[in-house]
Amino acid sequence: MPGREETAISQSPMSQISTTTSPKRDDELLSPEFVRRLERLDILSRKILAGRMAGERRSKKKGRSVEFADYRQYVAGDDLRFIDWNLYARLERLFLRLFMEEEDLCVWLLVDVSRSMDFGEPNKLLYAKRLVAALGYLSLVHYNRVQVLSFADQLLDRTPPLRGRLKVPILLDFLRRLEPAGRGALEAVMRRFALAERGRGVVVVISDFLDKGNLEAALRHLAAERFDGYLLQLLSPQEIDPEKAGILGDLRLRDMEDGQIAEVSAGPALLKRYRANLQAFCNHLRQQALRRGLMYSVSDTSVPFEQLVLMHLRQRGLVG
Amino acid sequence: MMFLAPLSGLIAASITVPLLVLLYFLKLRRREVPVSSTLLWRQALEDMQVNSPFQRLRRNLLLLLQLLALGALLTALARPSWPSPALSGQRLIIMVDHSASMNATDVSPSRLERAKELALAAVENFRGPGGVMIVSLAKQTRVVQPFTTDRSLLRAAVRSIEPTDEPSDWSAAVAMIEPYAQSEKAEGTGDLQVLIFSDGGARNLPAILPHVPTELVFIGESAEGSSGRTTPDNLAITAFSARRDFLQPQKVQVFARLNNFGTQPVTTHISLAVDEQVQKVVTVMVPAAQESGPDGSPGPAGTGTVEFQLHLPGSAVLRIRHDHADHLTVDNTAWLVLAPPRRARALLVSSGNPFLELALQAAGVQELKIMSPAEYERATRVEPPEKRFDLAVFDRFNPAALPAVNSAFWGCLPPVPGLELRHPREGPARTVRLLDWDRDHPLLRYAVLDDVLLADRRHLVLPTGTRISSLILATAEQGPVLALVSDREHGEHQYVVAAFDLLQTNWPMQVSFQVFISNLVEYLMLSGTGQAGLSASPGDVVTVPVRRPEGAVVYEGPQRIEATAQQERCVLPPLRRTGLYRETTGLVLPPWDLLAVNLLEAGESDLRVPGVGALKQGDSRPVQAQSAVRWSRQEIWRWFVGAAMLILVLEWLVYLRRMSF
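Residues numbered from 1 in each chain as written. Chains lettered and ligands numbered in written order. Predicted model: local features only at pLDDT ≥ 70, side-chain atom pairs only at ≥ 80, totals over all residues. Heavy atoms only, no water.

Q: Describe the overall build of chain A, and please don't skip the residues or the numbers.
A: A tally of regular secondary structure across chain A gives 10 helices and 10 strands. Taken over 320 residues, chain A has a buried fraction of 52%. Here the contacts in chain A between residues at least 6 apart in sequence split such that 78% fall between residues at least 24 apart. As displayed, chain A has an accessible area near 14800 Å², and 49% of this comes from carbon and sulfur atoms. (Helix = DSSP H or I, 4+ residues; strand = E, 2+ residues; numbered from the N terminus. Buried < 20%, exposed > 50% of the residue type's maximum accessible area, 1.4 Å probe, protein only. Contact = heavy atoms within 4.5 Å. Areas by Shrake-Rupley, 256 points an atom, 1.4 Å probe, with all protein chains shown as cover.)

Given below as structure tokens:
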């Protein structure tokens, strides 16, 4: 099982697997009450990054704001208004005051729409959409530049770069139209993304990460200096505890993505071994993420998603 | 195309085909469940296999299988063999003795079951192309299964051999095999072998067995154990008779003889019951049997006798029984049906013989009718006159047809096929004496014939074959002169035939003549028993008188007997089990509505298995007789080669499975 410090395990009873992934109204993704609470939050970045426009984000670039940043020696041609005369009085040398320039933050929200996400009760894909809607909303209202991309075995679709509160409907409409499709191929997607996006910003990957490819290679692409990466792993209660989902006895398990069959005699020993493997898998993913400077969090979809955003992700430093 | 073992194939198909279908459908019946990914499930499955306690074995499984296959091939190269009964040749005759002595329980569960086990093993081990024939032998020898190579038929035939209480008759068995032996001898192929399973407890174990390789397997305690004389225990009733007093017929004298064939003396209680009510109980001590002779032949059995005096004015059923627990129970009890006292009515057909007339009257006949031959012939045109009488005596007159009652013939013959009177060769007339007579036969009991002289030197030529049974009672130098003949196809009547004219002998002047005539009247009146008590032996064919010429006769008892009456008699099928039988349809005339069947055969009750020396060599081929089956070795390398091939197939399958992972 994922560590307790990373996720809250739902105690709610399991129900049958749902296939509803396409909400029809905006409030199905974000309730008005939740939106009001979201507006107090903003996406945080552990790395202060340069943006293209002056937004509500501090940048490492030294510009003309009210916040003092640093000194440098005066050279002919500098603006005399920024000479620190107090410092000249003390040192009889001319220094310029430098100030932090406020810039916008690029936020890429990558949501996994492979068929494995269309599983569980609550459905992982729907949960992911709501999570992306929340993160996207609070990024937009704080004038961050947001782009949402869907992927499976490749980057499938994306929104245009969005900025400002007025773009929220576009975000929500995009999310509503997302349908599960295809197999997962995380390494290819991350490589493609890293090559295509030359900018700098926060990258949030929302997926179950149940990828049969090379996860380490995938994470390597996100470890670039220009990216502040966050991995949000979503698992359904049925994946965490299969026995409660009726996986018991002699069964043929069919992989929803590639159709592979695993004939199992699911008894206590095998289920115990499965849970241990799941725990090990999540631990391995966390270690790989940490090794590459990425933030990792795993969540059970039975955890109320508001709780996830308002508490858990705040604790993890993604929002604040 | 022929299937030699169709039953085995059907059984295998009935098991494997449904099993295959069941496994197939069981495989299909796994419930399919979609999961987001099988990634972790496959890992879990592999982990389970990796951590399995047999993983180490699994890694080495291929090596183990290869070693097993190699071991099987190397073993096959060493030509392994298996002990099996020595059975060679092209054809085999298996004879199973199911006489009374084979019911002995000194061998568990019985000698017969043991013999059948060995016979089944012989069937399985014989590979000759000519097949096996199964023969059962007791008083009658019967081919249970003709030559066949179908083992299922042979097994069924062996299993169908049921126990009987009959004595064994080896002469009939030898006679049955003799044609095959002669054919074998003529062709000189040496392809026939005979295997006999018996306890050798035969009254007339032949000294000469058939002229083919014969293996006689003795079944019995002394045969199964070591070569020591471990003797089975048996106390048998070997004689049981009753006789009414000649002058006071209501007085009955009952006699019984017991033989002890065990090595220890036996003290037992003998109970005598009349109509199921025990009347008398006596204690008898019977000494042990004597040791076997140096040639292996059994020593004389210990003997004890008992006598009882009863007052029985009418008919009754007598039963005698001892209470000693032994290995054979069939001879522990004997029955007698005591006929009511009755004096005979006799017909004498003679042109004049005062000796016969006086002797018959002195024998106590109730009525004696004398007819001349001419009168007899006239009367015969209407109806055989002897039908009104119990017996008929023909003096120097050959009737044209077989008499309808038991009869005696003096100097003449009944019209029995093959029975002849032969005149002496040319030579001076002289008298002759009797050389030998059957002193134990009821007809000659107490008759001393030493001084009998015969001027009539004719002798009898007796018929052969199975239709006519004949027994020589007395023999003179020229041949048999007195015999007992019976034609089975004509009512089983008994005919005493004397070759000589009574008036040309001095016998009527002898006391033994009257004794003989008294015995003759009693014997013929009681249809050959010579006693007041009636009993038959197992295997006998009994003829009973009936009230009506047609109808079904049913006897209930140890076995159910059914027969159809023909004319005024009914011939019953052979009685295989001892005991008391009661006729249930009322068609049979008393006292024959009750049948007592007793073994009373010392030879059969003697359970001591004869030693090897009891058999003599017959023809040029040695006869093998031993107390255990001779074993030879049968090579079984083919089984090891087959096992090696199977292991290689299994190894290939395991290898393929591993490659698919």
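Q: If you had to explain the interface of chain A and chain B to someone new, which residues and values would you point to?
A: On the chain B side, the residues contacting the 33 residues of chain A number 19 residues. For the pairing of chain A and chain B, the buried interface totals around 2600 Å² over both sides, and the portion due to carbon and sulfur atoms is 63%. Of all residues in chain A, the largest losses of buried area upon contact with chain B belong to R252, R254 and Y274 of chain A, amounting jointly to 20% of the total for that side. Viewed at the interface, chain B and chain A are joined by 12 residue pairs in polar contact (both at pLDDT 80 or more). Where the side of chain A that touches chain B is concerned, the elements lending two or more residues are strand 8 (249–255), strand 9 (261–266) and helix 9 (268–291) of chain A. For the side of chain A that touches chain B, the residue count by class is 17 nonpolar, five polar and 11 charged. In this sheet, strand 1 (residues 31–35) of chain B lies alongside strand 8 of chain A in parallel orientation, the contact comprising five bridges. The residue of strand 1 of chain B that forms the bridge with L253 of chain A is V33 of chain B. (Buried area = accessible area lost by both parts, 1.4 Å probe. Polar contact = N/O pair within 3.5 Å; in protein donor to acceptor, adjacent residues only side chain to side chain. Nonpolar A, V, L, I, M, F, W, Y, C, P; charged D, E, K, R; others polar. Pairing = 2+ DSSP bridges.)

Q: Which residues make up the environment of G184 of chain A, and what are the values?
A: Structurally, G184 of chain A can be placed in the loop between helix 5 (168–177) and helix 6 (186–196). Excluding anything up to four places from it in sequence, G184 of chain A contacts S114, A152, D153, D211 and E257 of chain A.

Q: An account of the pairing of strand 9 of chain A is requested, with residue identities and associated values reported.
A: All names here are of chain A. Because side chains alternate across strand 9, one face comprises the buried residues A262, V264 and A266, and the other comprises I261, E263 and S265, none of which is buried. Pairing analysis gives six bridges linking strand 8 to strand 9, with the strands arranged antiparallel. Residue pairing in the sheet places L253 in a bridge with A262 of strand 9. Joining the antiparallel neighbours strand 8 and strand 9 is a turn of five residues, in which G259 adopts a positive phi near 75 degrees.

Q: Explain the nonpolar core residue by residue, including any values.
A: Ranked by internal contacts, the top residues of the largest apolar core, which has 64 residues, are W410, L434, V496, W507, F516 and I517 of chain B. Considering every element that reaches this core, the biggest residue donor is helix 11 (residues 511–525) of chain B, with eight residues. Excluding its chain neighbours within four sequence positions, the residues that come into contact with W507 of chain B are W410, L449, V452, F500, L502, S512, F513 and F516 of chain B. Core analysis: the next-biggest nonpolar cluster, separate from the first, contains 46 residues, V107, A128, V202 and L313 of chain A among them. (Core = buried A, V, L, I, M, F, W, Y, C linked by side-chain atoms within 4.5 Å.)

Q: How would you explain the sheet that holds strand 4 (residues 145–151) of chain A if you had to name every residue and give the values?
A: Sheet strands pair via backbone hydrogen bonds, and the direction of the pair is either parallel or antiparallel. Residues and elements named next belong to chain A. Ordered in space as 5-4-3-6-7-10, the six strands form an open sheet in which the pairing is mixed. Every other strand in the sheet has two partners, leaving strand 5 (155–158) and strand 10 (295–300) as the edge strands with one partner each. For this sheet the average axis-to-axis angle between neighbouring strands, irrespective of direction, equals 20 degrees. In the sheet, strand 3 (residues 106–112) pairs with strand 6 (residues 201–207) via five bridges, with the strands oriented parallel. In the sheet register, V111 faces strand 6, and the bridge partner there is I206. Against the sheet, helix 4 (residues 124–141) engages strand 3, strand 4, strand 6, strand 7 (227–235) and strand 10, with an angle of about 175 degrees to strand 3. (Axes fitted to C-alpha atoms, helices over the stretch in contact; angles between N-to-C directions.)

Q: If you had to explain the sheet that holds strand 24 (residues 479–487) of chain B to someone new, which residues and values would you point to?
A: Residues and elements named next belong to chain B. Spatially, the nine strands line up as an open sheet ordered 16-15-17-18-25-24-23-20-21, and their pairing is mixed. Every interior strand has two partners, whereas the edge strands, strand 16 (367–371) and strand 21 (453–454), have only one. Two strands pair when backbone bridges link them, and strand 15 (residues 345–349) and strand 16 are joined in this way by five bridges, in the parallel orientation. Across the sheet, the residue bridging to L347 is K369, located in strand 16. Sitting on the sheet, helix 9 (residues 354–362) touches strand 15, strand 16, strand 17 (391–395) and strand 18 (406–410), and the angle it makes with strand 16 is about 165 degrees. Strand contacts of helix 11: strand 17, strand 18, strand 24 and strand 25 (494–498), with the helix running at about 150 degrees to strand 18, the strand carrying the most contacts.

Q: Mind laying out the confidence of the model for chain B, listing which residues take part and the relevant values?
A: All names here are of chain B. Residue-level pLDDT values for chain B average 82, and 82% of them are 70 or greater. Confidence over residues 612–631 falls short of pLDDT 50; this stretch has 46 contacts with residues more than four positions distant or in other chains. Overall fold confidence (pTM) sits at 0.48, and the ipTM for the predicted complex is 0.77. (pLDDT = per-residue confidence, 0-100.)

Q: Lay out the pattern of salt bridges in plain terms, naming residues and giving numbers.
A: For the structure shown, the criterion picks out 34 salt bridges over all chains. Among the ionic pairs, R111 of chain B bridges to D106 of chain B, the shortest N-O distance being 2.8 Å. According to the relative accessible area criterion, R111 of chain B is buried, its value standing at 0%. Given the relative accessible area of 12%, D106 of chain B is considered buried. A salt bridge links D540 of chain B to K139 of chain B, with the nearest nitrogen and oxygen atoms 2.4 Å apart. Of this pair, D540 of chain B sits in the loop between strand 26 (533–534) and strand 27 (543–545) while K139 of chain B sits in the loop between strand 4 (131–137) and strand 5 (141–148), and the two are 401 residues apart along the sequence. One network of salt bridges, with partners in common, ties together R183, K212, D255 and D258 of chain A. (Salt bridge = Lys/Arg side-chain N within 4 Å of Asp/Glu carboxyl O.)

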